[in-house]
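Letter by letter, the chains look like this.
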Amino acid sequence: MSTINVVLCGLGGQGILFMTKVLAQASLGRGYNLMGAETHGMAQRGGSVVSHLRLGNVQGSLVKTNEAPLLLALEENEGYRNLPFLARGGRLYVNTMSPLFPREEVRSFLAKKQIIPRSVPAGKIALDLGAPMSSNLALLGFCSAFEDSPFDHENLRETIGRISPDRFRDKNLSIFDAGYLAGKKE
Amino acid sequence: MKRQEILLGNGAIALGLLEAGCQVVTSYPGTPSSEILPEVIRLVKSENLNTYVEWSTNEKVALDNAFAASITGKRAACCMKQVGLNVAADSLMSAAYMGTVGGLVIISCDDPGPHSSQTEQDTRFMARLAKVPVLDPSNPEEARKMAGLAMELSEEFRIPVILRPAIRVCHARQNIAFDSIPVNTKKSAFEKDPSRWAATPRFRLILHGELNKKLKEIGKRFDALAAYNFHNLEPGRTYPLGIIAGGVPYAVIRDLLDEKNRTDIPVLKLGAPYPFPEALASEFMEACAKVLVVEETDTLIEYLLGDRNKVLGRLSGHVPLEGELVPQVIDRLLDRVLREASLPPLAGEEDTEAVELVKSLQLPVRRPTLCPGCPHRASFFAIRKTKPKAIFTSDIGCYTLGMNLGAVDTCLDMGAAITMASGFYHAFAQDGVDQPIVATIGDSTFYHSGTAGLLNAVYNGSRFILVILDNLTTAMTGMQPSPSMGIRADGSEGRAISLERIVAGCGVDFIEVLDPYDIKKMTEVLKKASEYIQEPEGGIAVIIARHPCLIAYRAEAIPEKKKVTVTDECTECHFCIDRFECPAIYHDQELGRTAINAQLCSSCGVCLQICPKGAIVEVA
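Not measured: the values here are computed from a predicted model.

What follows concerns the overall build of chain A. Scanning chain A from terminus to terminus reveals seven helices and six strands. Secondary structure elements in chain A, listed N-terminal to C-terminal, are β-α-β-β-β-α-β-α-β-α-α-α-α. For chain A, whose C-alpha radius of gyration is 15 Å, the value lies close to the compact-globule estimate of 16 Å for 186 residues. Principal-axis analysis of the C-alpha atoms gives chain A an extent of 45 × 40 × 35 Å. Out of the 186 residues in chain A, the part that is buried amounts to 58%.

Written out as structure tokens, the structure is:
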């Protein structure tokens, strides 16, 4: 199996570590070896947070620039900040309400590198379902709706069900499903 | 039965220690080491082990405790961050001479970057200074195995051994398979030997000789330590370029070369770099015309290599002298070295265009801030308002972020809020200048190293206001209990230590305890404290600002929720945004006015007290 690199980003407190955990647990179930890198400490107090996940037989935990086919951003600006990680032909998934996404200045770059940008109001989906802190699950659901996603929808859904604490399970799944539906509509 | 878990590097280290029969683990939290002890506790509970654990009050205390256990024959470990080892250095240097009985492993976690530390210092140099062996893992699985090796080596050679994982090992995650862990039932036995355990200088010379002998033997062992010190030279072949690497940079280099199938460049991995495996390194050097050394964070291997003419690295300007060696940095420097050696470069895709594009976007810098509802914010607001001309000495913890509110001027090391306050006092007093000084320190940091400074300040007649920000936890590093709560590392009940009693015991006569959410009260007490330090019989005034951390105590921390809004009285002066800096108060671009972000707001209600126009009000 060749290596699959994923970069996840956003702001401290948005649940980037949990989102990474879902992808990691799901991949473990599919027989991948995995290595990831997390941000802890001071940056968790609202600063920029990045998490790397590498599936395959690798030694190092960090993704090199230009080598991630998948970038998931829980905040639009953090998505732009991490653009150097995206590989040619990669996919950029961003949680944003902005109708102007992706902003003008990055469009020619994305086109040149054949990167497909996709956005979803994950924060709003989560808020409408009464869990404003769960935009991470809406974004995962959205991402899993596309054929080209390296993560299988059913596998992610089963994983979320398995690792969510009992009192959050139903809510988490409903937010994941709502994100998935938003993706299916595209 | 074998099971598989996705472990944090720190969890893998915990696993390795327990698999090696570690019976005592002590620690003081600090990024990136903080999760080791909690992971030990988790495994001790799930595997029904008998290992004793404690959050010690500081790193020196932790190491002394673990050392004592070791010389009763038990296997012990002590975990800290790299700057914590500075605090424990006194203990380490002496313990190296005295030696151990049971294994003693010191885990000191480095922070190249730095991401969450004062310095980028390299623990391997501390090992060299103390003359103890050091192991440098490349990933979690290796860190787990090295924890076991460190324990074995320590016990065999009767010497403390340091395991030095860098942040990318500590906070990496990897799938790791493990079996059930047996209980180590070894009993304590202390054999008196004053010439060793209480050695005077005459005996210390003898112990130093013993230590040197041990190092020599361990160096030879490291020459043949094929699991962690190895190269892939083909016999008889010579190469224009070879690479020597250890720790995280080895992992990066291995991945880069493997991805491009570059079998033409041999690599010597040094996972056990000190005592230096001289013979192995010489063998490698002889086969290569030039050798590139890539190591974190400093130049240990580079210094220890004999033939300097062949060596490329930090000293030759080929490797950056500061900052983390992330893959793209290693990729670039490797390409330069390959070109200079007339070898084909790796030629990965350039990231320059993307990096320049991101720069041109001028994205907002996300500086870390205190959480909405954080009691420290209320304290800092009152301090800044009441004592605008003061020098604000502060300390290490979440509250360093008080600098965003203009209420933190200095942050040197653990405990320096107090020692620098007394230093400032005497420097100005010498000139006859009455300089107001307000020091802030958190509860855990005060227990760590506040008392010695406070005793000194009282004894030597300093005058300043000290605010102890008591949020009843060690917040920045992940909510470890502090002694004020009386809860111990494993959740069991311990003795609560009263801050008030310690402060009184240090000779302070002015002590006020209050809830900083009440800004009016805090302001009054700060004024009273200012008067007290001016009095002829005055001295140091201590205010204990006590309110629980919102992350640690959640609902309990705000018993009376107050929903707030901004009224039309608002003149857009942005005093609240600039001086209170709550993430929930913001200028809404679309509305063109100051507003409250209901998702972020904790409903603490503190901001009701701050608006000069009274435009922040409670929603009825």
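Here we take up the overall build of chain B. Secondary structure summary: chain B contains 23 helices and 22 strands in total. The buried share among the 620 residues of chain B stands at 51%. For chain B, restricting intrachain contacts to residue pairs at least 6 apart in sequence, the fraction spanning at least 24 positions comes to 76%.

Looking now at the domain arrangement of chain B. Domains assigned within chain B are domain 1 (3-182 + 195-223), domain 2 (229-350), domain 3 (375-557) and domain 4 (564-618). Centre-to-centre separation of domain 2 of chain B and domain 3 of chain B, based on C-alpha positions: 48 Å.

Glancing now at the environment of Asp431(B). Examined against the element boundaries, Asp431(B) turns out to sit in the loop between α17 (416-429) and β15 (437-442). Placed 94 residues apart in sequence, Asp431(B) and Val337(B) show a C-alpha to C-alpha distance of 57 Å.

In this complex, chain B contributes 45 residues to the contact, which on the side of chain A involves 35 residues. With six residues, the single largest contributor to the side of chain B that touches chain A is helix α15 (residues 352-360) of chain B. In terms of residue class, the side of chain B that touches chain A is built from 22 nonpolar, 13 polar and 10 charged. The sheet contact formed by strand β2 (residues 34-37) of chain A and strand β8 (residues 172-178) of chain B spans three bridges and is antiparallel. Paired with Ala37(A) across the strands is Ala172(B), a residue of β8(B).

To continue, consider the sheet that holds strand β7 (residues 161-163) of chain B. Residues and elements named next belong to chain B. Read from one edge to the other, the open sheet built from six strands follows the order β3-β2-β4-β5-β7-β6, with strand pairing classed as parallel. This sheet does not close on itself; its edge strands, each paired only once, are β3 (52-55) and β6 (134-135). Strand direction decides the pairing type here: strand β2 (residues 24-27) and strand β4 (residues 76-81), joined by four bridges, are parallel. When the bridges of β4 are listed, Ser27 appears paired with Cys79.

We now examine the sheet that holds strand β10 (residues 239-245) of chain B. Residue and element names in this part refer to chain B. What the five strands build is an open sheet, ordered β9-β11-β10-β12-β13; its pairing is mixed. Strand pairing shows two members of the sheet lacking a second neighbour, β9 (229-231) and β13 (311-312), which therefore form its edges. Looking at chain direction, β10 and strand β12 (residues 288-294) are connected through six bridges and run parallel. Within β12, the position partnered with Ala245 by the bridge is Val294.

Looking now at unusual backbone geometry. Residue and element names in this part refer to chain B. Here the amide bond leading from Thr31 into Pro32 is cis, since omega sits at 5°, within 30 degrees of zero. Looking at where Pro32 falls in the secondary structure, it is placed in the loop between β2 and α2 (36-46). Here the residue pair Glu296 and Thr297 is connected by a cis peptide bond, since its omega of 0° sits within 30 degrees of zero. With respect to the helices, strands and loops of the structure, Thr297 is situated in the loop between β12 and α13 (300-304).

This part is about the pairing of β12(B). Residues and elements named next belong to chain B. The buried fraction of β12 amounts to five of the seven residues, a majority that puts the element mostly inside the structure. Bridging between β12 and β13 involves two bridges; their strand directions are parallel. Residue pairing across strands places Leu292 opposite Leu312, the latter belonging to β13.

Pairs of packed helices are described in terms of their axes, by the angle between the two and the distance that separates them. Residue and element names in this part refer to chain B. Contact geometry for helix α5 (residues 89-98) and helix α10 (residues 201-223): axes closest at 7 Å, N-to-C directions at 80°. By the angle class used here, α5 and α10 are roughly perpendicular. Across from Ala96, Tyr97 and Met98 in α5, the residues of α10 making contact are Arg204, Leu207, His208 and Leu211. In the contact of α5 with α10, the residues fall into five nonpolar, one polar and one charged.

Residues and elements named next belong to chain B. Counting 238 residues, the largest nonpolar core has Leu17, Val105 and Ala421 as the members making the most contacts within it. The element best represented in this core is helix α7 (residues 140-157), accounting for eight residues. Sequence-distant contacts of Ala421, that is, excluding residues within four places in its chain, are made with Thr393, Ile437, Ala439, Ala457, Ser462, Phe464 and Leu466.

Now for the pairing of strand β3 (residues 48-55) of chain A. Residue and element names in this part refer to chain A. Counting buried positions along β3 yields eight of eight residues, so the element is predominantly enclosed. Side chains Ser48, Val50, His52 and Arg54 of β3 all project onto a buried face; the interleaved residues Val49, Ser51, Leu53 and Leu55 project onto the opposite face, where all are buried too. Direction of pairing for strand β1 (residues 4-11) relative to β3: antiparallel, over a ladder of eight bridges. Note on β3: the bridge partner recorded for Ile4 is Leu55. Across four bridges, the pairing between β2 and β3 is antiparallel. Looking at β3, one finds that Leu34 is bridged to Leu55.

Residues and elements named next belong to chain B. Taking 1.5 Å as the rise per residue, helix α3 (residues 59-70) with 12 residues should run 16 Å; its terminal C-alpha atoms sit 16 Å apart, in good agreement. By the burial criterion, the buried members of α3 are Glu59, Lys60, Ala62, Leu63, Ala66, Phe67, Ala69 and Ser70. Where α3 is buried, its residues touch β2, β4, α4 (82-87), α5 and β5 (104-109).

Moving on, we get to α10(B). All names here are of chain B. The first and last C-alpha atoms of α10 sit 33 Å apart over 23 residues, in line with the 33 Å expected at 1.5 Å per residue. Along α10, the residues classified as buried are Leu211, Lys214, Ile218 and Phe222. Against α5, α7 and β9 lie the buried residues of α10.

Reading the values: rules and limits
Residues numbered from 1 in each chain as written. Chains lettered and ligands numbered in written order. Predicted model: local features only at pLDDT ≥ 70, side-chain atom pairs only at ≥ 80, totals over all residues. Helix = DSSP H or I, 4+ residues; strand = E, 2+ residues; numbered from the N terminus. Rg over C-alpha atoms; globule rule 2.2 N^0.38 Å. Buried ≥ 20, exposed ≤ 12 C-beta atoms within 10 Å, placed from the backbone. Contact = placed C-beta atoms within 7 Å. Domains from an automatic or database assignment. Nonpolar A, V, L, I, M, F, W, Y, C, P; charged D, E, K, R; others polar. Pairing = 2+ DSSP bridges. Axes fitted to C-alpha atoms, helices over the stretch in contact; angles between N-to-C directions. Parallel < 35°, antiparallel > 145°, perpendicular 65-115°, else oblique. Core = buried A, V, L, I, M, F, W, Y, C linked by C-beta atoms within 7 Å. Expected span 1.5 Å × (residues − 1).

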